[in-house]
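Residue-level listing of the chains:
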Amino acid sequence: MTAVSDPSQLSDLIAEATDTRVNLDFESEGMTLNMGPQHPATHGTLRIVAKLDGEQVISAEPICGYMHRGYEKIVEVRTYPQVNALINRIDWLGSFANEVPFILAAEKLMGVEAPPRAQWIRTILFEMSRVANISLFLGDFGLQLGGMTAGFYAFRDREHVLNMIESATGGRFHPNFDRIGGLKDDLPKGWIADSHVAMDKLLAFCDEMEDLLVGNEIFQSRTRGIGVIPADIALNYGLSGANLRASGIDWDLRRDGCPPGLVYDQADWKVWTHPDGDCFARTWVRLQETREAAKIVKQLLDTIPAGPVMAKVPRIIKVPEGEAYVATENPLGEMGYYIASKGDLVPFRVKIRSASFNNISILPWVARGAYVPDLISILGSLYFILGDIDR
Amino acid sequence: MRTWLSAGRVNQLSSTDTATDSAAENEAVVETDAAREAVLAELTERLGAAVLGSYIRPGDDLWVRVERSAWRDAAEAAKSMGFTFFDYVSAIDWLPSPFGRDMDAQEDLVVSGAEPKAPAPIVQGYAGGDTRFQVIARLYNIATAKGIHFKADVPDDDLSLPTWSGVFAGANWHERETREMFGITFDGHPNLINMYLPTDFQGFPLRKDFPLLARRVRPWPGIVDVEPMPGVADSEEGEAE
């Protein structure tokens, strides 16, 4: 039987069936819905091929590769400082956070350690990029679900953080500020006081979002109980970051596996989890994380030690032979770099373990049986950046 | 504040060409890592002779090289030991690159009219190995905050090994990526199609003998771009190239 889409045809059929007292078994043929490559819910160019049965998704398969830039190949012919500029572009909303695990892995192989002041500023900038990244998520997720206002608020308030990142590093989005052995520069004058002000604004923004978005009834009805990911499935797929914590797993690399070179143990903060594992839980955990990140920044700003920001490293950086894997808790989840070095100017092999790649690989599992509008909620709440999937 | 165990120990940062006697220095800092030793012992007990090699960097990481046929068993054993968080699967091509590995790479020597170099031997990394290609994967134990790197040798004439996608669902995509980038197939994988590249793409981009076009049309760009580190005079340390 062919698919019946015309309502009048349908009613005719039903009438006919009733007339002849035949129990008609309506089976629909199914429909393939193509989402993307350009879609507001995809943060880049991701295409999703969803097979539908009526309003229900039978299977959803993401098609990646529209933004594949081949970083793992190109870093093999770039020196370590050059790689640093490249990998900024992986997760473009929290670029500074991309640099840190790579630099830490190189430092680990070299046995170099950044001076305390550099470690503090590194952690502060790391958390600032988290605030910038996730505050945009909060606004953008609202936008995807039809609440335009949240988006404008997010773009407005994210600017405060980007201004601080820009005044310290010179780049709003791609700072390229981290160096093996420390940082490119010290902080500019007045930066600490300004950052306090900016973080206060962001804390106010979080409160605003809590009322405007998370507390909104429509928002809740579109996210609660939608796209539930149980804890064991989340681990199985290697979900990390807020997606994992929203499934009730209390694990944060900042606290549990913090590599040397970041000073999260110097601040008083919490890891938030949520037992539900649905779209709402993921949003809620991210909201709390933004607050915690702002608090970490504010605490660390007050305790920055004096001293140099650069350790003594050679002018031409050759990383000794060896292998190292360093992962940090980036805004999107666990981001790690596996560096195999042969003692050259260039890395021999770099495996980039990006958070979004694993986070989005669960989509076929979680989208099965969801309704089409919920697909947007699920996609939005998994929160991926295309550059982070395709690399 | 924590520091790398290696901090302050390695002092031949830029002078890997000069032989330094660091044996005495290394002996002074022999650490043991009881927790990782225990993990390794348990894995060895479960997998038996399939564990071919291992390497522990104390306080940091553990590498275990297993037999190719026991690749899936290794995942199952580790999973039942609490390593339930799937990190990634990838591969390494240990062939020294004929293109662009260094500033005196073969093709730049040809351009400048110098004698071609003899190819360097294949040297595998931690936990040893015998083959050009090695598959590498990482699992993580959230309760103890420890990870394991698994490696497996994949011989050139049969680039295949059992899939992990039945044990860790997340391995599905990683194995697809590894297949299209290295040409290593995973037996039993449900959907081994290209992840990024067009379906009719020829070659395996992350193999070392796959030329990077941008690199071929331009000589080594690195050396002129190496910026001096702040506060370090040009003559200090480093080699004047």
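Look up: the structure comes first, before these words.
Since the model is a prediction, treat every value here as computed from it, not as a measurement.

**Quick look at the pairing of strand 6 (residues 322–330) of chain A**
Residue and element names in this part refer to chain A. Taking burial as the measure, the nine residues of strand 6 include nine buried ones, the bulk of the element. Residues of strand 6 alternate between two faces, with Gly-322, Ala-324, Val-326, Thr-328 and Asn-330 on one and Glu-323, Tyr-325, Ala-327 and Glu-329 on the opposite face, all of them buried. The sheet contact formed by strand 6 and strand 7 (residues 333–341) spans nine bridges and is antiparallel. Among the inter-strand pairings, Glu-323 is bridged to a residue of strand 7, identified as Ala-340. Taking the residues that link successive antiparallel strands as the turn, the strand 6-strand 7 hairpin has two residues.

**Details of the sheet that holds strand 4 (residues 133–141) of chain B**
Residues and elements named next belong to chain B. Here five strands make up an open sheet; going across it, the order is 1-2-5-4-3 and the pairing mixed. Across the chains shown, the open sheet's two edge strands, defined by having one partner strand only, are strand 1 (51–57) and strand 3 (85–93). Between one strand axis and the next, the sheet turns through 20° on average, direction left out of account. Sheet topology places strand 4 next to strand 5 (residues 146–154); nine bridges connect them, and they run antiparallel. For Gln-134, the partnering residue across the bridge sits in strand 5 and is Asp-153. Of the strands in this sheet, strand 3 and strand 4 are in contact with helix 5 (residues 171–182), which crosses strand 3 at around 10°.

**Things to note about the nonpolar core**
All names here are of chain A. Counting residues in each nonpolar core, the largest one holds 95 residues, and the members touching the most others are Phe-102, Met-128, Trp-191 and Tyr-337. Looking at this core, the element that brings in the most residues is helix 5 (residues 116–144), giving 14 residues. Once you skip the residues sitting within four places of it in the chain, Tyr-337 turns out to touch Ile-87, Ile-90, Asn-98, Pro-101, Phe-102, Ala-105, Ala-324, Tyr-325, Val-326, Val-350, Lys-351 and Ile-352.

**Considering the packing of aromatic side chains**
The full count for this structure, using the stated rule, is 24 aromatic pairs over all chains. Relative to Phe-102 of chain A, the ring of Tyr-80 of chain A has its centre 5.9 Å away and its plane inclined at 25°; by these criteria the two rings are stacked. Here the residue Tyr-80 of chain A occupies a position in helix 3 (residues 80–87), and Phe-102 of chain A occupies one in helix 4 (residues 95–110), the gap between them amounting to 22 residues. Since its relative accessible area comes to 0%, Phe-102 of chain A is described here as buried. For the cation-ring pair, Arg-286 of chain A lies above Phe-137 of chain A, with the distance from its terminal atom to the ring centre recorded as 4.7 Å. The ring of Phe-168 of chain B carries the charged tip of Lys-79 of chain B above its face, separated from the ring centre by 5.1 Å.

**Regarding unusual backbone geometry**
One non-glycine residue with positive phi stands out, namely Asn-176 of chain A, at about 45°. Its location among the elements puts Asn-176 of chain A in the loop between helix 6 (148–169) and strand 4 (178–179). Not every positive phi belongs to a glycine, and Ala-145 of chain B is a case in point at roughly 55°.

**With respect to empty space enclosed by the protein**
Residues and elements named next belong to chain A. A full pass over the atoms with the stated rule returns three cavities of 30 Å³ or more. Of the voids in this model, the second largest cavity is the one considered here, and its volume is about 50 Å³. Residue lining of the second largest cavity: Trp-92, Leu-93, Gly-94, Ser-95, Phe-96, Ser-129, Ala-132, Leu-162, Ile-165, Arg-172, Phe-173 and Pro-175, and that is the complete set. Sorting the residues of the lining of the second largest cavity by element identifies helix 4, helix 5 and helix 6 as the ones contributing at least two each. Each residue belonging to the lining of the second largest cavity can be placed in one class, and the counts come to eight nonpolar, three polar and one charged.

**Some words on the pairing of strand 4 of chain B**
Residue and element names in this part refer to chain B. Of all the nine residues making up strand 4, nine are buried; the element is thus mostly covered by neighbouring parts of the structure. Every second residue of strand 4 is oriented toward a common face, with Phe-133, Val-135, Ala-137, Leu-139 and Asn-141 on one face and Gln-134, Ile-136, Arg-138 and Tyr-140 on the other, all of them buried. Relative to strand 4, strand 3 runs antiparallel, the two sharing eight bridges. If you follow Ala-91 over to strand 4, its bridge partner there is Val-135.

**Quick notes on helix 12 (residues 279–302) of chain A**
Note on helix geometry: an α-helix contains 3.6 residues per turn, so any two residues three or four positions apart are oriented the same way. With 24 residues, helix 12 of chain A extends 36 Å between its outermost C-alpha atoms, agreeing within 8% with the 34 Å of an ideal straight helix rising 1.5 Å per residue. Among the 24 residues that make up helix 12 of chain A, 20 are buried, leaving the element largely enclosed by the rest of the structure.

**Quick word on the pattern of salt bridges**
Residues and elements named next belong to chain A. This structure, assessed with the given rule, holds 34 salt bridges over all chains. With a shortest N-O distance of 2.8 Å, Arg-122 and Glu-107 are connected by a salt bridge. Within this pair, whereas Arg-122 is found in helix 5, its partner Glu-107 is found in helix 4, the two being separated by 15 residues in sequence. Side by side, Arg-122 and Glu-107 carry an identical accessibility label, which is buried. Each of Glu-127, Arg-130, Arg-245, Asp-252, Arg-254, Glu-289 and Glu-329 takes part in one network of salt bridges that share partners.

Reading the values: the criteria
Residues numbered from 1 in each chain as written. Chains lettered and ligands numbered in written order. Predicted model: local features only at pLDDT ≥ 70, side-chain atom pairs only at ≥ 80, totals over all residues. Heavy atoms only, no water. Buried < 20%, exposed > 50% of the residue type's maximum accessible area, 1.4 Å probe, protein only. Helix = DSSP H or I, 4+ residues; strand = E, 2+ residues; numbered from the N terminus. Pairing = 2+ DSSP bridges. Axes fitted to C-alpha atoms, helices over the stretch in contact; angles between N-to-C directions. Contact = heavy atoms within 4.5 Å. Core = buried A, V, L, I, M, F, W, Y, C linked by side-chain atoms within 4.5 Å. Phe/Tyr/Trp six-rings, centres within 6.5 Å; stacked < 30°, edge-to-face > 60°. Lys NZ or Arg CZ within 6 Å of the ring centre and 35° of its normal. 1 Å grid on protein atoms, 1.4 Å probe; cavity = no way out; pocket = protein on both sides within 12 Å on 5 of 7 lines; lining within 4 Å. Points joined across faces, edges and corners; volume = space filled by probe spheres on them. Nonpolar A, V, L, I, M, F, W, Y, C, P; charged D, E, K, R; others polar. Expected span 1.5 Å × (residues − 1). Salt bridge = Lys/Arg side-chain N within 4 Å of Asp/Glu carboxyl O.

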